[in-house]
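Examination of the molecular architecture
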Amino acid sequence: MKYIGTQSNTTAASYQVSKNISQHVKPFNEGEFLKDAWLQCAPYLFEDFENKEKIIQRIKDMPIARNTVKENILGMAENVNSQQKIHIKSCDFISICLDESTDVTGSARLAIFVRYFVQNNIKELISLSTLTTTTTKGLDICNAVIDALAKREICPSKTVSVTTDGARTLTGRENGFIHLFTKRIGHTILDFYCIIHQQALCAKTGLKMFDDILSFVTKLVNFISARALNKRKFQELLNEVNSSYNSLLLYNNVRWLSRGNVLQRFVDCLEEIRLFLNNENIIDQYNQLLDVEWLAKLYFFTDLCSHLNELNIKLQGVNKTDFPARFTQFKEFEETLKFILYPDTIPFEKLNLKVLEWLSFNELEMELVEFQSSTIWNQKFVDLRNDLEIIESNRLLDKINKIAENEILTTWNSIPDTFNCLKTLAKAILSIFSSTWACKSLFSELNFIQNKYRNRMTNESSSACVLLKLTKYELDIKSLSSCVQQQKSH
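This one's a predicted model, so the numbers in the text were calculated from it and none came from an experiment.

Reading the values: the criteria
Per chain, residues are indexed from 1 in the order of the written sequence. Per-residue local features of the predicted model are confined to residues with pLDDT of at least 70, and side-chain atom pairs are confined, for both listing and counting, to 80 or more; whole-chain, interface and lining totals are unaffected and use all residues. With hydrogens and water set aside, each side-chain value is computed from the structure's full complement of heavy atoms. UniProt positions are given in the numbering used here, feature names are shortened, and annotations may be inferred rather than shown by experiment. A run of DSSP states H or I qualifies as a helix once it reaches four residues; a run of E qualifies as a strand once it reaches two. Both are numbered from the N-terminal end. Here the term buried applies to any residue with accessible area under 20% of the maximum for its type, exposed to any over 50%, and partly exposed to those in between, with areas from a 1.4 Å probe on protein chains only. What qualifies as a polar contact is a pair of N or O atoms within 3.5 Å, subject to a donor-acceptor requirement within protein and to the restriction that residues adjacent in sequence count only when both atoms come from side chains. Should any heavy atoms of two residues lie within 4.5 Å, those residues are counted as being in contact. When DSSP finds two or more bridges between two strands, those strands count as paired. The convention used is that axes are lines fitted to C-alpha atoms, helices contributing only their stretch in contact, and that angles between N-to-C directions extend from 0 to 180 degrees. Take the buried residues of types Ala, Val, Leu, Ile, Met, Phe, Trp, Tyr and Cys, join any two whose side-chain atoms come within 4.5 Å, and each joined set is a nonpolar core. Under this scheme an angle from 65 to 115 degrees is roughly perpendicular, one under 35 degrees roughly parallel, and one over 145 degrees roughly antiparallel; angles in between are oblique. Note: crossing handedness is left-handed where the near helix turns anticlockwise from the far helix by less than a right angle, and right-handed where it turns clockwise. Here the term charged refers only to Asp, Glu, Lys and Arg, the term nonpolar to Ala, Val, Leu, Ile, Met, Phe, Trp, Tyr, Cys and Pro, and the term polar to all other amino acids, Gly among them. Grid spacing is 1 Å over the protein atoms alone, the probe is 1.4 Å, and a cavity is where that probe fits but cannot get out, while a pocket is an open set with protein on both sides within 12 Å along at least five of seven lines and lining residues have an atom within 4 Å of a point. Grid points are joined across faces, edges and corners, and a volume is the space filled by probe spheres set on the points. Salt bridges, as used here, are contacts in which a Lys or Arg side-chain nitrogen is within 4 Å of a carboxyl oxygen on Asp or Glu.

1. Some details on the UniProt feature "domain: HAT C-terminal dimerisation" (unreviewed entry) in the chain
Taken from the UniProt record, the annotation "domain: HAT C-terminal dimerisation" (unreviewed entry) applies to residues 405-468. When the span residues 405-468 is considered, its composition is 67% helix and 0% strand, and the gap between its end C-alpha atoms is 23 Å.

Given below as structure tokens:
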């Protein structure tokens, strides 16, 4: 068995190939296919190179067999975890967002995101754990979270807030995760119910007067799109009239945006739907499509659902912390949550600090008085609010822009340490997750990675692939390759 030096470039190349395989959700044995393709292309691609044989030999030596790719992916995931450990040790507090779901093999998986600060940037630690217990009760989830934090050397008592989707196992009064977790860490925390779930629930329950319209639209759409012959006829009709669509959308009750999208497509294709029903001689069975009053309700309902979809999309994404506008149901914390942007105007009496007393705000009142009396520091936040308006305008215009939350953090970091209590409060609020969108996004990625065709993938491997897919950390491939004794490919 022959070995080459630990500094070999082929090892680094092997890691890079493994990273691409993982991030593009390809099977681990794709490395062997890639090598075979490269070896067949190389004689033509490098035909005029003097060192053609050396290049081909280097490709042959590159270890990218299935097991090697798997080990590389696990090694890169561990590298990310090591970087996160180093950064999170210096943090005074963290916030948690979590959700539980089931993968394609029936295993209970727990997605945990931990938000913390590294200089002027907001970072998120990603953890996908497998619940080893047969149940997914609050106690099981609490133990899993404590274990996941311990593996990354994170002290649970640093937790400021926990955001969940409101499931009873997480929010139950006596046996829910939040209650048990609070008892375990020994102090109170801010617990938030995902704002996107709240918005979707309000949109669903607050529009029951339009249920008859949705039922009619769903029935007609199913008649056209769920029957193969009708679907082909309708597609042909759409082609004849040069429609920009090729079919209607089927309604899915569990999809947040489904209702609005189905209604919008239905309205856009309304003339074609009438023509199709008329051609089939069944237009009389759907008199509503000719009723002006019913159509007015349909248009209003569609427009309303479109606005709700826009709101839902705005609430999605990472680093969403616009609490004053979105968490209005938390009246007792409304002024406190505004503090990150309005420290120059909010009086101390309006700050509700009862669940954050453990952070020691003994000097907060005096610091706030001194801060508000300084025009220099007040002007910083006036400028910040103006900058955030520009950032939001650029976002709406789809221009490349800065991350608003990082701008807020940068401003607070520029404040002198003499206002330490103010900075601590602001960062604690800024760390809070407003939704469980990150967890939902993680489970969507998991469904692609560990699908029905890859159901034999181990939980360890799928967790590593998810981490490499979602992490913002840069991998230190040079360091990884230098620590590996590489075996030549056979």
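2. Details of the side chain of S95
Within the secondary structure, S95 sits in strand β1 (residues 94-102). Accessibility expressed as a relative area gives 0% for S95, which makes it buried. A polar contact is formed between the side chain of S95 and the side chain of S431, at a distance of 2.7 Å. Other than its neighbours up to four places away in sequence, S95 contacts F113, V114, R115, V160, S161, A428, S431, I432 and F433.

3. Side note on the sheet that holds strand β2 (residues 108-118)
Strands sit in the order β3-β2-β1-β4-β5 across an open sheet of five strands; the sheet is mixed. Where the open sheet ends on each side, the last strands, each with one partner, are β3 (121-130) and β5 (190-193). Neighbour-to-neighbour, the strand axes of this sheet turn through a mean angle of 20°, independent of strand direction. As defined by bridge partners, β1 adjoins β2 across eight bridges and the pair is classed as antiparallel.

4. Points about the nonpolar core
Ranked by size, the top nonpolar core spans 65 residues in total, and within it I96, L98, F113, V145, F177, F181 and L442 carry the most contacts. The biggest single contributor to this core is β2, with eight residues. Not counting chain neighbours up to four residues away, the residues in contact with F177 comprise L98, G138, I141, C142, V145, V162, T169 and L170. I122, F192, L356 and F361 belong to the second largest nonpolar core, which has 39 residues in total.

5. Overview of the packing of helix α9 (residues 211-225) against helix α11 (residues 258-268)
Between α9 and α11, whose axes approach to 11 Å, the crossing angle comes to 70°. Our classification of the angle between α9 and α11 gives roughly perpendicular. Crossing handedness for the pair α9 and α11: left-handed. Here α9 contributes L214, V217, L220 and V221 to the contact with α11, which in turn contributes R259, V262, L263 and F266. For the contact of α9 with α11, a count of residues per class yields seven nonpolar, no polar and one charged.

6. Details of empty space enclosed by the protein
Evaluation of the coordinates by the stated rule reveals three cavities of 30 Å³ or more. Volume-wise, the second largest cavity comes out at about 40 Å³. Lining the second largest cavity are L190, F333, T336, L337, N352, V355, L356 and I429. Classifying every residue of the lining of the second largest cavity by side-chain character gives six nonpolar, two polar and no charged.

7. Some details on the side chain of D344
Secondary-structure assignment places D344 in the loop between α15 (334-338) and α16 (364-372). A distance of 3.0 Å separates the side chain of D344 from the side chain of R385, its partner in a polar contact. Residues contacting D344, with those up to four places away along its chain left out, are F371, Q372, N378, F381, V382 and R385.

8. So, the pattern of salt bridges
Within the structure shown, the criterion is met by 10 salt bridges. Salt-bridge contacts for D99 lead to K440; the nearest nitrogen and oxygen are separated by 2.6 Å. Residue D99 is located in strand β1, and its partner K440 is located in helix α20 (residues 437-449); the two are separated by 341 residues in the primary sequence. Between K233 and E280 there is a salt bridge; the shortest N-O distance is 3.5 Å.

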